[in-house]
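Architecture at a glance
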Amino acid sequence: MLVFLLRMSLKNALRHRLRAFLTLAGLTVAILSFGLLSTVVSAWYAGADAASDKRLITRNAISLVFPLPISYGERIRGAEGVTGISWANWFGGIYIEPKNFFPQFAIEPASYLQLYPEFVVKEDERAAFVRDRQGCLVGRKLANRYGWKVGDNIPIKGTIFPGTWNFVLRGIYDGRDSSTDQNQFFFHWDYLNERIKQTAPRRANNTGVFIVGIRDGSAAAQVSERVDKVFRNSLAETLTETEKAFQLSFVAMTETIVLAIQIVSYVVILIIMAVMANTMAMSARERTAEYATLKALGFGPGVVGLLILAESLLLCGIGAALGIALTWPTVRAIGGALDNIFPVFNVASTTVWQQLGAALLVALAAAAVPAQQAMRIRITEGLRAVS
Amino acid sequence: MSGEAAAVLLRHVSKHYQRGGQIVPVLSDIDFAIARGDFLALMGPSGSGKSTLLNLIAGIDRPSSGQILVADVDIATLDERELADWRARNVGFIFQFYNLMPVLDARENVELPLMLTSLGRRERRSHAELALEMVGLADRMDHYPNELSGGQQQRVAIARALVSDPTLIVADEPTGDLDRKSAGEILDLLEQLNGELGKTIVMVTHDARAAERAHAIRHLEKGELSALEQREVA
Amino acid sequence: MNRLPLHYIWRNLLTRRLTTLLTAGGMALVVFVFATVLMLDAGLQQTLAATGLPQNVVAIRKGSQTEVQSGVSRQDAAIMESDPAVALDGQGRRLISKESVVLISLQKRGSGKPSNVVVRGAGLQGMTLRPQIRLIAGRPPRPGSSEVIVGRAIAEGFGNVQLGANLRFARRDWQVVGLFDAGKSGFNSEIWGDAEQMMQAFRRSSFSAVIFQLQDSGEFDAVAKRLEGDQRLTAEYKRETRFYADQSQVMSNFISILGTVLSVIFSIGAIIGAMITMYAAVANRVGEIGTLRALGFRKRSVLAAFLLESLLLATLGGIAGLLLASTMQFFAISTMNWQTFSELAFSFTLTPGIVLKSLLFALFMGLLGGFLPALRAARLQIVDALRSG
């Protein structure tokens, strides 16, 4: 019986070939778009997802715009629970043109790489980078985008720290995980500091943030409090938080946009729901006489309802499957183009579940009213009906 | 034959269809004439080609070969656009299932053929109302088809067929969907149009009672017209 | 002449009410997204255009792109102040404001999430140079004090910044003595205080930027060239209007691209919906089409009738979508401007241009969706149509 129902539903669904084709096309596009938008939203949170629970970030309590004295480093290292520290300064320079945006950080090389084991560097390249004060280390995606090779000279125009800065590419790092950002540019903090000492001595010996390694992830809150206590009431008070919280604060600032994108992804589902409901309503109405005949023959109203529901589910299922299947190649293609805005652009498993859920919702919503109406039709009325 | 000029003249008309790779003949080498003011019934079993013949005379289908002269114009040589204009001026249609536009009321349905002329709005309305009066539906002008009975709908269709004063009225099973009483009324109307207004009517029917009302009957069998004519004393 | 009456086209939409509603509804949603994105960009442009006057010049360090990144030394500022191109006010004072701009992290009202807010230490002429700013409560801060005034968007979006509140940053307490409204400009998202006090609190020796008014606005190019040629100075100069416009480039581009991509994708769904509906409409009316052709209506008339039906459907959707989008004008958006790294509040602005574009977009969808079905209707053979109808 069930197999008969399914077979009949499938045949009914494909009866009007043009209509079935158009509906499937619409479903595929909608589910695909939904998947893409969800991927964009998860890309926004990529930084937070890639955060390690064994790292804390210490910044100036006023805002990220204010620096911290480099001397704080040793005092942070002395706090209980801290296994190691490093520091980084946002450089914000321009490579040839402003649109070639990528993040640049002046770091303490050896300690930084130790705190970030997810950056995988060849031994000889690591050593070369640490050794050369003018050297720089870049991520694989970044290097590929501009065709940089080890040994190349890379000039960057400073904005916060004015002047032209020349770096020698000493190493290219790969990401250990798929969530690792391979779009970053690292160079020596010492190189930055030396030059500032000459051009703007008052700004020297400062850094943007400290990266604090901790032994035990669950002790994050206590260690953060401990570090901040050291500097309370000093000239530059600190705010220490988990790396995840730090990354999330950036997301929070553009939260409105993320929210807007999420809302828009739901709108696309609403649109396809309207299209699907229309298709089901039209199809069911055209087959009123058939459903009445089934009832006359002795099939219960439940059978009629199930037929319509099954038809809706089948159509949505096929459309969703196509849309989901196309999501990966599309994300890969777009990811390549949006490389510098979203360094990490992957399809999350939650996205796929959401796509399936959306398809199910559309199928049910579209079939609801037509199924009810068909179930309720009086046999004599139905047999007389002409579409 | 009445000796008056022929309204419709068919010469060596044949029609066949192509189905797959096969050629299916429908009409073969038809020759006949319809005089002006005739009321002709075409009868025959299903598949005999009577509807096809009607379609050819009405200009909604083309013959595979031959000439069809209506008021001395060979419509087989007209192109699509010319044929459409020709139909608008020369043919009035009556269908078995009335074929009224469900979203237009009776008056608007009857006005429809006049949209193809250069008449202004007011003139169109008065012509339509006149035609509806002639078929006895003056009090139902604002009704929609689904508010009218079968017989009433067919009368609206007849009014529509009349309104542009065509040369020829073509009726395909006009009583096919009506009960006996309504059918009789419709046939009365057709007789009236022919007798009082002198309209030339060609009617396809399988109903012998309907055929009796016509002045002449021709039978079609397997695509060939019989030479048989039954004439009723006019 | 050879055309079918408009009420024939219109009433056919009414007979299939549910289908018409669903199809037009889908289109309405697409137009809503389309119009909303355009309104967002217009709102952004309006805010940044309103921020700044063409006769004001902003001087920042060469190469830096925002005031926060920039530094202008006291000597440089003094040189600029003495330049004859600078306008004078009624009392003969130079219309110049040497400003210190920083970002502080404040918590948003409600969510408590942090956001960077601009704190601008302005000179005495700061408010004079920006006539868009009107005080709506309290009074301006006294020069040399720890008093601040708060812009409307900040007062509404953040906690603990109301009149009389005590803000604490840079290890000092600052009293909020006034609230100001800066119209649609970006200044609404700022907190203003005294420049020298700010410099002290943040231990800075240089200003961030210098803003001055030109005596003759048309002289800008000559003045900029002269000042840039001056060996003692290391600043670059932009008209205030251009300065703020440049700061929204990235956001504006992002919104445009996002909007275009979304509209294209969504419109595919709506066009498919329209196609399904129109194909069904044609299929249901095959008999009618045959009759009309038999009566003498040309193929062209049939094509036009169905195309018009689709366009009418699209117009319904377009109007509904626009009405929905216009309600967005009641909402304000606040987000971080990526280029300046600071909070920016703006709103949705509906312009006649957007109304026109949205309706055209809707019509375009109707055209694409209805064209093939209309073509099919027109191409039907009369005899076949009459038979199956």
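What you see is a predicted model, and the numbers here were worked out from it, not measured in a lab.

Once that is clear, we can look at the overall build of chain A. Along the backbone of chain A there are 15 helices and twelve strands. The C-alpha atoms of chain A give 30 Å as radius of gyration, which overshoots the globular expectation for 387 residues (21 Å, by more than 25%). C-alpha extents for chain A along the principal axes are approximately 95 × 45 × 35 Å. Across the 387 residues that make up chain A, the buried fraction comes to 53%. Contacts in chain A between residues far apart in sequence, at least 24 positions, make up 80% of those at least 6 positions apart.

Attention now moves to the packing of helix α1 (residues 6-15) of chain C against helix α11 (residues 299-326) of chain C. Residue and element names in this part refer to chain C. Contact geometry of α1 with α11 gives a least axis separation of 9 Å together with a crossing angle of 55 degrees. When the axes of α1 and α11 are compared, the pair comes out oblique. Like other packed secondary-structure pairs, α1 and α11 cross with a definite hand, here right-handed. Where α1 approaches α11, its residues I9, W10, N12 and L13 are matched on the opposing element by A305, L308, E309, L312 and L313. Looking at the contact of α1 with α11 residue by residue, the classes come out as seven nonpolar, one polar and one charged.

Further remarks concern the pattern of salt bridges. Residues and elements named next belong to chain C. Evaluation of the coordinates by the stated rule reveals 51 salt bridges over all chains. One salt bridge connects R134 with D181, and the closest N-O pair in it is separated by 3.7 Å. You can see R134 sitting in strand β4 (residues 134-138) and its partner D181 sitting in strand β7 (residues 172-181), a full 47 residues away along the chain. What makes R134 partly exposed here is its relative accessible area of 48%. The exposure class of D181 is buried, given its relative accessible area of 8%. Here R387 ties to D384 by a salt bridge, and the two come within 3.3 Å at their closest N and O atoms. Of this pair, R387 and D384 both sit in helix α13 (residues 382-388), three residues apart, which is roughly one turn of the helix.

This paragraph deals with helix α10 (residues 286-295) of chain C. Think of an α-helix as 3.6 residues a turn; residues three or four steps apart then line up on the same face. Counting buried residues in α10 of chain C gives ten out of ten residues, a clear majority hidden from the surface. Among the residues trailing α10 of chain C, G296 of chain C stands out with phi positive, at a value near 120 degrees.

Take the domain arrangement of chain A next. Residues and elements named next belong to chain A. By domain assignment, chain A separates into domain 1 (2-46 + 255-384) and domain 2 (62-236). Its C-alpha centre places domain 1 at a distance of 48 Å from the equivalent point of domain 2. Summed over both sides, the interface between domain 1 and domain 2 buries roughly 640 Å², with carbon and sulfur atoms accounting for 40% of that surface. Its largest share of buried area at the contact with domain 2, domain 1 owes to D339, N340 and P343, together 71% of the area lost on that side. Inspection of the domain 1/domain 2 interface yields zero salt bridges. At the boundary of domain 1 with domain 2, the tally comes to two residue pairs in polar contact (both at pLDDT 80 or more).

Moving on: empty space enclosed by the protein. All names here are of chain C. Taken as a whole and judged by the stated rule, the model has four cavities of 30 Å³ or more. Of the pockets and cavities examined, the largest cavity occupies roughly 220 Å³. Around the largest cavity sit 19 residues that line it, and V118, E190, Q247, T340 and S342 are the ones nearest its centre. Contributing elements (two or more residues each) for the lining of the largest cavity: β3 (114-122) and β12 (342-347). For the lining of the largest cavity, the element with the highest residue contribution is β12, accounting for three residues. Grouping the amino acids of the lining of the largest cavity by side-chain chemistry returns seven nonpolar, eight polar and four charged. Formed jointly, the lining of the largest cavity draws a minimum of three residues from each of two domains, domain 1 (6-49 + 249-388) and domain 2 (56-213).

Attention now goes to the nonpolar core. One recurring pattern in soluble globular proteins is that nonpolar side chains are buried together. Formed by 112 residues in total, the largest nonpolar core has its most connected members in W44, M276, Y291, I308 and V362 of chain A together with F266 and M365 of chain C. Element by element, the count of residues in this core is highest for helix α11 (residues 255-286) of chain A, at 17 residues. If we ignore the near neighbours within four places in the chain, the residues touching M365 of chain C are M27, V30, V31, S267, A270 and I271 of chain C. Formed by 51 residues, the second largest nonpolar core is a distinct cluster that contains V8, L10, L53 and W86 of chain B.

Bringing the interface of chain B and chain C into the picture now. Tallying the contact residues gives 26 residues for chain B and 24 residues for chain C. In total, about 2,200 Å² of surface goes out of reach between chain B and chain C, with carbon and sulfur atoms giving 65% of it. The interface formed by chain B and chain C holds four salt bridges in total. Where K299 of chain C meets E80 of chain B, a salt bridge forms, and the shortest distance between an N and an O atom there is 3.8 Å. Counting the contacts that link chain B with chain C gives eight residue pairs in polar contact (both at pLDDT 80 or more). At six residues, helix α2 (residues 80-90) of chain B tops the list of elements feeding residues into the side of chain B that touches chain C. Partitioning the side of chain B that touches chain C into residue classes produces 14 nonpolar, four polar and eight charged.

This next bit is on the confidence of the model for chain B. Mean pLDDT over chain B stands at 88; residues scoring 70 or higher make up 94%. The ipTM for the predicted assembly is 0.84, set against a pTM of 0.83.

This part takes up the packing of aromatic side chains. Residues and elements named next belong to chain A. In the structure shown here, the tally under the stated rule is 43 aromatic pairs over all chains. Between W87 and F210, the ring centres sit 6.2 Å apart and the planes meet at 65 degrees, which makes this aromatic pair edge-to-face. Taken together, the positions of W87 in strand β3 (residues 82-90) and F210 in strand β11 (residues 209-214) put the pair 123 residues apart, joining distant regions of the chain. Summarising the burial analysis for this pair, W87 and F210 share the class buried. Ring plane angle 50 degrees and centroid distance 5.1 Å describe the contact between Y112 and F186, whose orientation is recorded as tilted. With Y112 in helix α5 (residues 109-115) and F186 in strand β9 (residues 185-188), the pair connects residues that are 74 residues apart, well separated along the chain. Assessed through its relative accessible area of 5%, Y112 is described here as buried. The buried category is assigned to F186, whose relative accessible area is 0%. Feature note: the residues F91, Y95, F102, Y146, W148, F161, W165, F167, F185, F187 and Y191 constitute an aromatic cluster, connected by ring pairs. Here the basic side chain of R75 rests over the ring of Y72, its NZ or CZ set 5.8 Å away from the ring centre. Against the face of W165 rests R195, its NZ or CZ located 4.0 Å from the ring centre.

With a phi angle near 65 degrees, I96 of chain A is a residue other than glycine that sits in the positive phi range. Positionally, I96 of chain A belongs in the loop between β3 and β4 (104-107). Positive phi values are uncommon outside glycine, yet A170 of chain C reaches one of about 50 degrees. For A170 of chain C, the position within the fold is in the loop between β6 (166-169) and β7. Classification of A170 of chain C as buried rests on a relative accessible area of 13%.

Tallying the contact residues gives 53 residues for chain C and 52 residues for chain A. In this assembly, chain C packs against chain A so that about 4,500 Å² is buried in total across both faces, 69% of it on carbon and sulfur atoms. Joining chain C to chain A, the criterion identifies one salt bridge. For K113 of chain C, the salt bridge identified is with E255 of chain A, shortest N-O distance 2.4 Å. The interface formed by chain C and chain A holds 14 residue pairs in polar contact (both at pLDDT 80 or more) in total. Mapped by element, the contributors of at least two residues to the side of chain C that touches chain A are α2 (17-50), β2 (96-107), β3, α9 (249-284) and β11 (332-337) of chain C.

Reading the values: the criteria
- Residues numbered from 1 in each chain as written.
- Chains lettered and ligands numbered in written order.
- Predicted model: local features only at pLDDT ≥ 70, side-chain atom pairs only at ≥ 80, totals over all residues.
- Heavy atoms only, no water.
- Helix = DSSP H or I, 4+ residues; strand = E, 2+ residues; numbered from the N terminus.
- Rg over C-alpha atoms; globule rule 2.2 N^0.38 Å.
- Buried < 20%, exposed > 50% of the residue type's maximum accessible area, 1.4 Å probe, protein only.
- Contact = heavy atoms within 4.5 Å.
- Axes fitted to C-alpha atoms, helices over the stretch in contact; angles between N-to-C directions.
- Parallel < 35°, antiparallel > 145°, perpendicular 65-115°, else oblique.
- Left-handed = near helix turned anticlockwise from the far one by under 90°.
- Nonpolar A, V, L, I, M, F, W, Y, C, P; charged D, E, K, R; others polar.
- Salt bridge = Lys/Arg side-chain N within 4 Å of Asp/Glu carboxyl O.
- Domains from an automatic or database assignment.
- Buried area = accessible area lost by both parts, 1.4 Å probe.
- Polar contact = N/O pair within 3.5 Å; in protein donor to acceptor, adjacent residues only side chain to side chain.
- 1 Å grid on protein atoms, 1.4 Å probe; cavity = no way out; pocket = protein on both sides within 12 Å on 5 of 7 lines; lining within 4 Å.
- Points joined across faces, edges and corners; volume = space filled by probe spheres on them.
- Core = buried A, V, L, I, M, F, W, Y, C linked by side-chain atoms within 4.5 Å.
- pLDDT = per-residue confidence, 0-100.
- Phe/Tyr/Trp six-rings, centres within 6.5 Å; stacked < 30°, edge-to-face > 60°.
- Lys NZ or Arg CZ within 6 Å of the ring centre and 35° of its normal.

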